Structure formats: C-alpha cells, structure tokens
Amino acid sequence: MKTVSITLALLLAAFGAGCSTTAERSRNLADPSVSGKTLALQVCSNCHGVDGNSVNPNFPKLSGQQKEYFVAQMKEFKGHDRLDPEGFEYMWGISRSLTEKQIDELASYFSQQKNNPDQAGDTLTQRESAGKFVFEQGVAARNIPPCSTCHGAEAAGNGTFPRLAGQHADYIVKQLNVFQRTDERPEGAIMKVIAHDLTSGNIENVAAYLSSHTTK
Amino acid sequence: MRLLFPPLRGLLLAALPVALLVASNAHAVPSFARQTGQNCVACHAGGQFPELTPYGRMFKLTGYTIGQRTLPLSVMAVVNANKVKVDDPADKTTTGALTFATASVFLAGKISDNIGAFTQVTFDTTPNIGTFSGRSHPDNMDIRYADRLIDDNSDLIYGLMLNNNPGVQDVFHSVPAWGPATVPGSTGAGAGAAPILDGGLGQQAAGIGAYAYWNRTLYAEITGYKTGDGVFSILTHGNGGQTYIKGTNPYVRLALTKEWGPHNVMLGLTHFDVRQYSDQTDLTSPTDHYRDNGIDAQYQYLLDPYTVTATVARIHENIDYAAGNSDTVNSLRAKASFTYQAKYGATLSYFSLTNTLGEESKGWTPEVFWTPLQNVRLGLQYTLFNKDQAGANPNARDNNTLFFYVWGAY
C-alpha cells in the first residue's frame, strides 16, 4: 500500500508540474498575478456570462455597468458590508482575496461589454409604459423622485449610481425589496428612503421597463 | 406519527447536539465551500446536496479548481432509521431502530490550478448494524485535470480524470451514481435486478477518461474501466471483495445542454460495455458480456427562493452470459424535487426495474426534507412498492418502508 501511495503521489506531482496552467487560464482567486480579465472569463462567466449578460436572473448582468459602482460593490462584498443573501451567499467568498488591481480590471472588463436587454420590443407594453413613467417622473403624490435623476435619462447609470438599463427584472425587483424592507445594503441607504413608498406594482412596472430598455 | 414511528423522538433529541455544534460555527462548511467561500446553494440546487446547479457543474468540470486552496478536509455523517411495514426479525435495519449509518471523510479540493479531487472514504457499520463497529473503505473518488480555453467567441473545457464508479464523474443527477436514493441508507429500488451501470461496479473499478464541454452546449466523454486492483486498489481496497472485469471496458457519454432564463435542460446518452469474468476466482474463465444503453434528461428551474429539478433515466441492458443464455434488464427512474428558500423541500421518485427472468421491482418514494442549516438536512421518505419480486416479503406492499435521516456535513 505504501508503494502504491508513493507512486500515485509522484504521478500526480509530475502531472501537476508538467501540465500546470499559466496565469492566463487560472481560476485561482487568491493569486494576484492572475489578471481581472482572466478571472472574468474563467470564473465570473460561469454565472454572469462571458460578456456580462447573465442568463439566469438570479445573477445580475454586469455588462455596461458603471466602473465606479462595480468597484464599490466588490469592496462591499469583500468587506462583508453588503448583507443581502445574493451578496453573501455568492460574492463574499469570490471577492475575499481579490486585489484592488484585479477588481479594477474586472470593472473595466465588464463596463466595456455591450448590454443585451431581456426583451426589447418595438413598442412598450402597458406595464413598461407605467414603469417608464415612474422612472422618468417619479410618483409626486408620495414624494418619490424620478429614478432618472441619479441613474440617468437612459438608465445607463452615473459613477456610483448603477446602470439599470437591460438589467433582469427579477433582480431589480429583489434589490428594491432589499432596499425597502431591510438594512442589508447600507451603501444604498439613499435607496431605502426612495423605495420606501413604492408599491409592489410600481416596482414590478419599473423593473419591466428597465429590463427591456436599451441605451442609445 | 407518534404511534407509527416512535424512534423519531429519540432521533431528534440525538440530532440536537449535532445541530447545535454546527450552529455554533456559522461559517463551518465543507471544503469546496471553504475553497470558494460561497454558500452551499451556489453549487447545490436549493442547497439540496448533491444536486448541482449549472455553476456547480462548471466547478466540477473545471476540475474543482475554482477558488483558493484551503484545508481540503470535510466530514459527513448520517443517522437514520428504517421501518419496514412487515419487518424481517433477523434484520435490525427494518425495525425503525435508530442507527448510526455511515460517516465519511472527504479529501476534496483544489490541488493546483489544473488539478482537483473529490475523494471520499466511508466508515459504515455493515454488517454490524446498530453498533459503532464497522469498517472503512474507499467511497466515491474523482480526480481531475482540467483546462479551459475561453474567449469572447468560444468556450472549451477539457480534461482527464480518474474515478472508481462509472457515472460518478457525471455532473447531472439522472445518472444512477447521483440519482435517486443518494441519501446513505435510503430504501432504494428494492430487490429488482439493476443494470451494471446502476452501481454494479461502484468502488470496484478504476476508470481513466477524457472529456470535453463545448460552448456550454455539448458534453462528450470516453472513459475506460479496468478492475480496480494493482496500483488502482487504493480506489477499491476494503470494499468486501473485488469484482473482476476483463481488460478495458468503454463508457461513453454524450449530453446536450441549454440554459435560458431561470431554466436549464439536458438530454443525454450513455453507453457502457463490460465483460465480467463468469468465474470471479478464475481470470481465465469466459466472460459475461453486459451492454448498457441509457437515455436520460434533466430539467432545472432556479430562481430564488424556488428550485425545481426533474430527472428521468432509462437504461436498457443486454447480457450475454458465458453459459450461453442471455437476459435483458430495463431500468426506468424518474425524480422531481422542489425546494423553497433552500430550507424546505419535497421529492417524488419513481423506479421500475425489470428483467426477462421475471424479477421486477417497481414503486414510488415521496420525501419531505428540511435544511435548518446549510449543512444539515433532515428528511422523511416513504417507499411504496407496487412490485418487489425478490424482496423479503412475497407481498410487495409488505416491504413498504418509512425512512428518516439526519444528514450532516462539516
């Protein structure tokens, strides 16, 4: 048995030494020499898509996302400050050993990808029209300001205000509920005030509009 | 429930200290989760181990190498109780008595940027059921080398692997190695004849294979299985006797996959060709020839807080015995599971195993389970046999079994 173990160990070591991947194709999240782009392709793409257009709405689209917002969120995950389940279940661990340089490279990579909206029809549905109104006009009766004030007229985001155009409707709904009902995203405290009086109908409508909206 | 299954009360009390122990360390998760730093739900649908999410499949296909190296050690234990409708007095496992079933140690994790392993050594009390006396032996083992060539336009994962159970390398749960009855000690499909692909060579053979997964669409694999002796006995030694097969026996697997929105599907084909010595004590004896052809499918819906996984697998086996006679075995298994908030779940399984000799086992297994912590699961199954020709009781329904388990991993 001892001989068998030694033989296997030697074989494995030889195999590992001879066939080791370069940093260009590594999935090691604790190796500072691996570039952000490599990690985006080898690891992040599994959930968020190669071009940042995730398939499953559990995972937000990162394509075209504001670089500053992306960096801020990664730091929130890494510092365990973002407490929503989607954050800690998936992202605390992924971000824990990333360097600032890697995070910056990841932000650059995804910000440069083209966003594909969920379903961009030629005309707005009734729900999307109602959502567009909230996005552009707010709800004056409840002192809810237009979303476009911070997120931009095209919902492309601005600095630390995220891009919302083309994001999964389900993800937007869930995050608005996180802001409205919890303190799990302290960095988005401003959204707690804004989302406080949104009805579930408002939330569904604005999410439907944004998920199908594409920037010019 | 109190009258039907009184041992449950005791078992719940017995499980409490385990639950408290685990709860005292909320970050205590098995080694893969430590490696990625992620919650179990990242890789297991609704936290329902071992069923994998698309990400969990990618983690396995890329050789368990995502993340960072940590202590690659985990443990798992199962406490269970079986209550057969008409129990066999000689069989301590059928009376509903609380039983320490198995405990496993896993050496599992990233070895290098390309190499990773999932290796399990299990201690079980068979045949000394009801005691803590037993034996340790290799359980499922899967060691991989994997690389991924990916850019904006194409994605190719390819690798080499060594494993000891045909099908254990698969990333879908329609294959027998990961299909229904994966909870240690659960009732299973009764006494029907199962194809050799359904555990016939589990921990008895060593397979070396190559695989590729292209554009997250097409999976192809070929593995050759040999008797797990000689240098490979590390994968099989201590399993209570060795099954001897002749030469290298091919296992071929193809699968088409597609993801859209919260849905993903797989359609797969499997072929396994095995020549097993008719006289296991004489390696010059003529061989029994098994040819298994399987078709299987899986559908999955993942959108928090819900998950649904449904699988169906049909295996048709032709056997030409060395003695000149032949047999055909047909296996049909289906399973649908649902979880909510990665805490509450229900499963319904169907099985039908038949052969031309008239042996058959058919039935249903509904199950409910609760995952109070991500690494502890409590479940209750009831297996209803419509047919169980070779079972302990001539009347199939007398073999109906209530099964309770507490499954924990750290």
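The model shown is predicted, which means the values in this text are computed figures rather than measured ones.

The next thing to look at is the overall build of chain A. Looking only at helices and strands, one finds ten helices and zero strands in chain A. Across chain A, helices and strands are ordered from the amino to the carboxyl terminus as α-α-α-α-α-α-α-α-α-α. A burial count over chain A gives 50% of its 216 residues as buried. Within chain A, contacts between residues separated by at least 24 positions form 66% of all contacts whose residues are at least 6 apart in sequence.

Reports often express the size of an interface as the amount of accessible area lost when the parts come together. Chain A puts 38 residues into the contact, and the matching count from chain B is 42 residues. Between chain A and chain B the total buried area reaches about 3600 Å² when both faces are included, carbon and sulfur atoms providing 54% of it. Interface area lost by chain A to chain B is led by Arg27(A), Asn46(A) and Arg96(A), which between them contribute 19%. Counting every contact that joins chain A to chain B gives one salt bridge. The salt bridge involving Arg25(A) is made with Asp147(B); its shortest N-O contact spans 2.6 Å. Along the contact surface separating chain A from chain B lie 21 residue pairs in polar contact (both at pLDDT 80 or more). Residue assignment for the side of chain A that touches chain B shows that the elements contributing at least two residues are α1 (2-18), α2 (36-48), α4 (85-95) and α8 (169-181) of chain A. Taken together, the residues that form the side of chain A that touches chain B break down as 18 nonpolar, 13 polar and seven charged.

For the rest of this paragraph, the subject is the side chain of Thr371(B). Following the sequence through the fold, Thr371(B) ends up in strand β14 (residues 360-373). Each residue touching Thr371(B), except ones within four places of it in the same chain, is listed here: Ala342(B), Lys343(B), Val376(B) and Arg377(B).

Residue and element names in this part refer to chain A. As a packed pair, helix α6 (residues 126-137) and helix α10 (residues 200-212) sit with axes 7 Å apart at the nearest point and diverge in direction by 95°. Classified by the interaxial angle, the pair formed by α6 and α10 is roughly perpendicular. Side by side, α6 and α10 meet where Arg127, Glu128, Ala130, Gly131, Lys132, Val134, Phe135 and Glu136 of the first sit next to Asn202, Glu204, Asn205, Val206, Ala208, Tyr209, Leu210 and Ser212 of the second. Across the contact of α6 with α10, the residue classes break down as seven nonpolar, four polar and five charged.

So, about the packing of aromatic side chains. Both the distance between ring centres and the angle between the ring planes are used here to describe each pair of aromatic rings. All names here are of chain B. Taken as a whole and judged by the stated rule, the model has 25 aromatic pairs over all chains. Between Tyr251 and Phe272, the ring centres sit 5.8 Å apart and the planes meet at 75°, which makes this aromatic pair edge-to-face. In this pair, Tyr251 sits in strand β8 (residues 249-260) while Phe272 sits in strand β9 (residues 263-277), placing the two residues 21 residues apart along the sequence. Assigned by exposure class, Tyr251 and Phe272 land together as buried. Each residue in the set Phe32, Phe59, Tyr64, Phe106, Phe118 and Trp178 is aromatic and connected to the rest through ring pairs, giving one cluster. Note that Arg377 overlies the ring of Phe49, its terminal NZ or CZ placed 5.2 Å from the centroid. Positioned over the ring face of Phe369 is Arg377, at 4.9 Å from the centre of the ring.

Moving on: the pattern of salt bridges. Residue and element names in this part refer to chain B. The tally for this structure, following the rule as stated, stands at 19 salt bridges over all chains. Asp170 is the salt-bridge partner of Arg253, the closest N and O atoms lying 2.6 Å from each other. In this pair, Arg253 sits in strand β8 while Asp170 sits in the loop between β5 (155-163) and β6 (205-214), placing the two residues 83 residues apart along the sequence. Taking relative accessible area as the criterion, Arg253 reaches 0% and is therefore assigned buried. Among the residues examined, Asp170 registers a relative accessible area of 2% and is labelled buried. As a salt-bridge pair, Arg333 and Asp198 come within 3.0 Å of each other at their nearest N and O atoms.

This part covers the confidence of the model for chain A. The predicted structure's coordinates, where accompanied by low pLDDT, should not be read in detail. When pLDDT is averaged along chain A, the result is 90; 89% of the residues meet or exceed 70. Here residues 1-7 of chain A is a poorly scored stretch, pLDDT under 50, and it has five contacts once near neighbours within four places are set aside; other chains count.

Residues and elements named next belong to chain B. Omega for the bond connecting Phe49 with Pro50 falls within 30 degrees of zero, at 5°, which places this linkage in the cis form. Counting through the fold element by element, Pro50 comes out in the loop between α2 (31-36) and α3 (54-61). Residues Asp304 and Pro305 are joined by a peptide bond in cis, for which omega reads 10°. When you line up the elements, Pro305 lands in the loop between β10 (287-303) and β11 (306-320).

Bringing the environment of Ala336(B) into the picture now. All names here are of chain B. Relative to the assigned elements, Ala336 resides in strand β12 (residues 326-340). Here the alpha-carbon distance between Ala336 and Ser31, two residues 305 residues apart in the chain, equals 28 Å. Discounting residues that sit within four places of it in the chain, Ala336 has contacts with Thr309, Ala310, Ala346, Thr347 and Leu348.

Glancing now at α6(A). Residue and element names in this part refer to chain A. The end-to-end C-alpha distance of α6 is 16 Å, a good match for the 16 Å that twelve residues give at a rise of 1.5 Å each. For α6, the complete set of buried residues consists of Glu128, Gly131, Val134 and Phe135. Looking straight down α6, one finds its buried side chains confined to an arc of 120°; they lie on one side. Of the exposed residues in α6, those oriented more than 90 degrees away from the buried face are Gln126 and Phe133. On its buried side, α6 packs onto α7 (148-151) and α10. A positive backbone phi angle near 70° is found at Gly138, which sits one or two residues after α6.

Right, let's get into the domain arrangement of chain A. All names here are of chain A. The domains assigned to chain A are domain 1 (25-111) and domain 2 (126-212). Just the C-alpha atoms count here: the centres of domain 1 and domain 2 sit 23 Å apart. Contacts between the two partners involve 22 residues from domain 1 and, on the opposite side, 20 residues from domain 2. When domain 1 packs against domain 2, the two sides together hide about 1700 Å² of surface, and 50% of this comes from carbon and sulfur. Where domain 1 packs against domain 2, one counts zero salt bridges. The tally of links from domain 1 across to domain 2 stands at 15 residue pairs in polar contact (both at pLDDT 80 or more). Taken together, the elements giving at least two residues each to the side of domain 1 that touches domain 2 come down to α3 (67-78) and α4. Ranked by residues supplied to the side of domain 1 that touches domain 2, first place goes to α3 with four residues.

The rules we used
- Residues numbered from 1 in each chain as written.
- Chains lettered and ligands numbered in written order.
- Predicted model: local features only at pLDDT ≥ 70, side-chain atom pairs only at ≥ 80, totals over all residues.
- Heavy atoms only, no water.
- Helix = DSSP H or I, 4+ residues; strand = E, 2+ residues; numbered from the N terminus.
- Buried < 20%, exposed > 50% of the residue type's maximum accessible area, 1.4 Å probe, protein only.
- Contact = heavy atoms within 4.5 Å.
- Buried area = accessible area lost by both parts, 1.4 Å probe.
- Salt bridge = Lys/Arg side-chain N within 4 Å of Asp/Glu carboxyl O.
- Polar contact = N/O pair within 3.5 Å; in protein donor to acceptor, adjacent residues only side chain to side chain.
- Nonpolar A, V, L, I, M, F, W, Y, C, P; charged D, E, K, R; others polar.
- Axes fitted to C-alpha atoms, helices over the stretch in contact; angles between N-to-C directions.
- Parallel < 35°, antiparallel > 145°, perpendicular 65-115°, else oblique.
- Phe/Tyr/Trp six-rings, centres within 6.5 Å; stacked < 30°, edge-to-face > 60°.
- Lys NZ or Arg CZ within 6 Å of the ring centre and 35° of its normal.
- pLDDT = per-residue confidence, 0-100.
- Expected span 1.5 Å × (residues − 1).
- Arc of directions from axis to C-beta.
- Domains from an automatic or database assignment.

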